[in-house]
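Close look at the chain arrangement
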Amino acid sequence: SVLADNGLEVMIWSRNQKQVEEINLKHTNSKYLPNISLSDRIKATTSIEEAMNGTAAVIIVAPSSGMREVASKIKPYVHEDHLIVHATKGFEPKSLKRMSQVIAEEFTTIEEENIAVLSGPSHAEEVINKSPTTVVISSVNLKAAEKVQDLFINSYFRVYTNPDIIGVEIGAALKNIIALGGGMSDGLSFGDNAKAALITRGLAEIARLGVAMGANPLTFIGLAGIGDLVVTCTSQHSRNWRAGYLLAQGNTLDETLKKMGMVVEGIKTTQAAYELSKIYDIKMPIASELYEVLFNKKEPKFAVEDLMGRVKTHEMEDIAKPSSKKWVE
Ligand SMILES: NC(=O)C1=CN([C@@H]2O[C@H](COP(=O)(O)OP(=O)(O)OC[C@H]3O[C@@H](n4cnc5c(N)ncnc54)[C@H](O)[C@@H]3O)[C@@H](O)[C@H]2O)C=CC1
Ligand SMILES: O=C(CO)COP(=O)(O)O
């Protein structure tokens, strides 16, 4: 819709025939965006060949578990001048690769600099209503990032460039874990203090893992870090928040997923973060407790007790320099 508002012709590829017909005939997408009229510059098709015909840029927004499958379907129609943008927030299950790594592996004819990531606090339900939204676009090459910035930027959708593609992708993926925790916190009727604690300490563990994986720590105080963390931990639009809320109310993981009926990226990402924290030897207490809740049936209230009862430590662990030499006297 942002692209269509900017005067571009947009072709959506979907495997769902009914949805494609609804978009083309009624200009609506009622399952995902009820009561919204779509621009007639947006068309849809179930044929990838038709979707790719004459395109300059391809925006992939499949869930992370489907990224490789979708990329491999697009592959035969991709040429070296294509700009490939993704807005997916997660890691590839098992390989634990970032989405731009998966895309680069699939599209061997595309230069790395033609791949970009769009991320930041941007619930679709608000973007479609033109509510002011700010995001980042990252690529290994500033000129490529600026090309995508120019495609998307408008009066309600402000796009900043960011040079740290690793940090942007890691922030986008890991915030979903903390958002599950945010929903659980509300489901357990905890207050604003608990939410602030989750966001702040969640950011600390996101940054620790991110830096170990090659990210710039400053990215995590930007839109793809704290920005997206705040929006998903506090908004009922967030599927991750909603899933956490349902889990805290006693629903099993299966029951929660059934009730959601949409992707909840944080669940697979919790598994990925648990594995990455072991590989990089990084402490991620919140992610580890969520892993126990999701996959080992630990009750959320016991996870909170264990988090609060951990051995006492410094806020900045070993990284902050004391402001006085007396600190260690
Ligand atoms: N909804 C939002 O506000 C935002 C979502 N994202 C990210 O975008 C990605 C997609 O999220 P949503 O569209 O919200 O999820 P969704 O669950 O609302 O829709 C996902 C769509 O992808 C289709 N799909 C799933 N696997 C597929 C495959 N292998 N091949 C083809 N189609 C497939 C599904 O049928 C469904 O239509 C996620 O990584 C999410 O984190 C990023 C920013 C905002
Ligand atoms: O990433 C999002 C908004 O920035 C959407 O979050 P959810 O997947 O939790 O709905």
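Residues numbered from 1 in each chain as written. Chains lettered and ligands numbered in written order. Predicted model: local features only at pLDDT ≥ 70, side-chain atom pairs only at ≥ 80, totals over all residues.

Looking at an unreviewed UniProt entry, one finds the protein chain named Glycerol-3-phosphate dehydrogenase [NAD(P)+] and attributed to Chengkuizengella marina. Taken directly from UniProt, the Pathway (unreviewed entry) text for the protein chain runs: "Membrane lipid metabolism; glycerophospholipid metabolism." Looking at the protein chain in UniProt, the text filed under Subcellular location (unreviewed entry) is "Cytoplasm". (UniProt positions renumbered as here; feature names shortened; annotations may be inferred.)

Orientation of helix H13 (residues 265-279) relative to helix H14 (residues 285-295), taken along the N-to-C sense of each, is 130°, at an axis distance of 9 Å. Between H13 and H14, the angle is such that the two are oblique. Relative to H14, H13 is oriented so that their crossing is left-handed. Facing Ile267, Thr270, Gln271, Ala273, Tyr274 and Ser277 of H13, the residues of H14 in contact are Ala287, Ser288, Leu290, Tyr291, Leu294 and Phe295. Of the residues contributing to the contact of H13 with H14, the split by class is 8 nonpolar, 4 polar and no charged. (Axes fitted to C-alpha atoms, helices over the stretch in contact; angles between N-to-C directions. Helix = DSSP H or I, 4+ residues; strand = E, 2+ residues; numbered from the N terminus. Parallel < 35°, antiparallel > 145°, perpendicular 65-115°, else oblique. Left-handed = near helix turned anticlockwise from the far one by under 90°. Contact = placed C-beta atoms within 7 Å. Nonpolar A, V, L, I, M, F, W, Y, C, P; charged D, E, K, R; others polar.)

Considered for burial, the residues of helix H5 (residues 99-106) that qualify are Met99, Ser100, Val102 and Ile103. Around the axis of H5, the buried residues are gathered within 155° of arc, so they sit on the same side. On its buried face, H5 is in contact with helix H4 (67-74), strand E4 (83-86), strand E5 (115-119) and helix H8 (165-187). (Buried ≥ 20, exposed ≤ 12 C-beta atoms within 10 Å, placed from the backbone. Arc of directions from axis to C-beta.)

Feature annotation in UniProt places "active site" (unreviewed entry) on Lys175, given in this structure's numbering. Positionally, Lys175 belongs in helix H8. Judged by local crowding, Lys175 falls into the buried class, with 33 C-beta atoms found within 10 Å. In this structure, Lys175 is in contact with Ile206, Asp228, Leu229 and Thr232, ignoring residues within four places of it in sequence.

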